[in-house]
Amino acid sequence: MQKRLFFVPLAVIIFILYFTVFGDRGLLRINHLHRDLDDTQKRLSELKEENDQLKREIAALQSDRRYLESIARRDFGLVRSNEVVYQFPPQARSAAPQAPEPAAAARQPAPPAAAAKNPPAGGPRSRQ
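A quick note: this is a predicted structure, and the numbers were derived from the prediction, not measured. (Residues numbered from 1 in each chain as written. Predicted model: local features only at pLDDT ≥ 70, side-chain atom pairs only at ≥ 80, totals over all residues. Heavy atoms only, no water.)

Novice: An account of the overall build of the protein is needed here, citing residue identities and associated values.
Specialist: The number of helices and strands found in the protein is 5 helices and 0 strands. Secondary structure elements of the protein, listed N to C terminal, follow the sequence α-α-α-α-α. In the protein, which comprises 128 residues, the share counted as buried stands at 4%. Of the roughly 13,300 Å² that the protein leaves accessible, carbon and sulfur atoms contribute 59%. (Helix = DSSP H or I, 4+ residues; strand = E, 2+ residues; numbered from the N terminus. Buried < 20%, exposed > 50% of the residue type's maximum accessible area, 1.4 Å probe, protein only. Areas by Shrake-Rupley, 256 points an atom, 1.4 Å probe, with all protein chains shown as cover.)

Next up, the structure:
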């Protein structure tokens, strides 16, 4: 009988704790909602910052002639009547700059065998 009296309050406490932690309004749900709130506030601040940036750009487009000119030059390639445009071919981006060789290795004279095989142009001619 006493065991039964012990298990009944224990079962009620476990039941209450279960719904306190895992229930619809439990601790886990509250923690999840707080994380969602933080993410939403972060996104809101990012959107407000972007909105302010766009408002500044609208104001510049409406009033700043230099900004309009820079956009026309950059996006549409417009130039003034007295300007000359130089166009250069695009450089290959795949060719990475190579590290320069050490100066000592570049200044070493060629071995004598290689010099004998390839005489310098315009040098003394051999007699036959």
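Novice: If you had to explain the packing of aromatic side chains to someone new, which residues and values would you point to?
Specialist: Evaluated as defined, the whole model comprises 4 aromatic pairs. Here the aromatic rings of Phe-15 and Phe-19 are separated by 4.8 Å at their centres, their planes lie at 70°, and the arrangement is edge-to-face. With Phe-15 and Phe-19 both in helix H1 (residues 2-22), this residue pair falls 4 residues apart, about one helical turn. Note on Tyr-18 and Phe-22: the rings are 5.4 Å apart at their centroids and 40° apart in plane angle, and the pair reads as tilted. Of the two residues, Tyr-18 and Phe-22 are both situated in helix H1; the distance of 4 residues between them amounts to about one turn of the helix. On the accessibility criterion, Tyr-18 (47% relative accessible area) is partly exposed. (Phe/Tyr/Trp six-rings, centres within 6.5 Å; stacked < 30°, edge-to-face > 60°.)

Novice: How would you summarise the pattern of salt bridges if you had to cite specific residues and measurements?
Specialist: Counted by the stated rule, this structure contains 5 salt bridges. Put simply, Glu-46 and Arg-43 hold a salt bridge, and the shortest N to O gap is 3.9 Å. Taken together, the positions of Glu-46 and Arg-43, both in helix H2 (residues 27-63) and 3 residues apart, correspond to about one turn of that helix. Overall, the relative accessible area of 42% leaves Glu-46 in the partly exposed class. (Salt bridge = Lys/Arg side-chain N within 4 Å of Asp/Glu carboxyl O.)

Novice: Just give me the short version of helix H3 (residues 65-76), but keep the residues and values in it.
Specialist: When the terminal C-alpha atoms of H3 are compared, their 16 Å separation across 12 residues agrees well with the 16 Å that a helix rising 1.5 Å per residue should span. In this structure Asp-64 caps H3, since a side-chain oxygen of it lies 3.3 Å from the backbone nitrogen of Arg-66. Remark: Gly-77 follows H3 within two positions and exhibits a positive phi of approximately 70°. (Expected span 1.5 Å × (residues − 1). Polar contact = N/O pair within 3.5 Å; in protein donor to acceptor, adjacent residues only side chain to side chain.)

Novice: Would you mind going over the packing of H2 against H3 in detail, with residue names and values included?
Specialist: If you want to describe how two helices pack, look at the angle between their axes and the distance between the axes. Remark: H2 packs on H3, axes separated minimally by 6 Å, with the N-to-C direction vectors making an angle of 95°. The angle between the axes of H2 and H3 places the two elements in the roughly perpendicular class. In this structure, H2 uses Glu-57, Ala-60, Leu-61 and Ser-63 to contact H3, whose residues at the interface are Arg-65, Tyr-67, Leu-68 and Ile-71. Residues of the contact of H2 with H3, tallied by class, amount to 5 nonpolar, 1 polar and 2 charged. (Axes fitted to C-alpha atoms, helices over the stretch in contact; angles between N-to-C directions. Parallel < 35°, antiparallel > 145°, perpendicular 65-115°, else oblique. Contact = heavy atoms within 4.5 Å. Nonpolar A, V, L, I, M, F, W, Y, C, P; charged D, E, K, R; others polar.)

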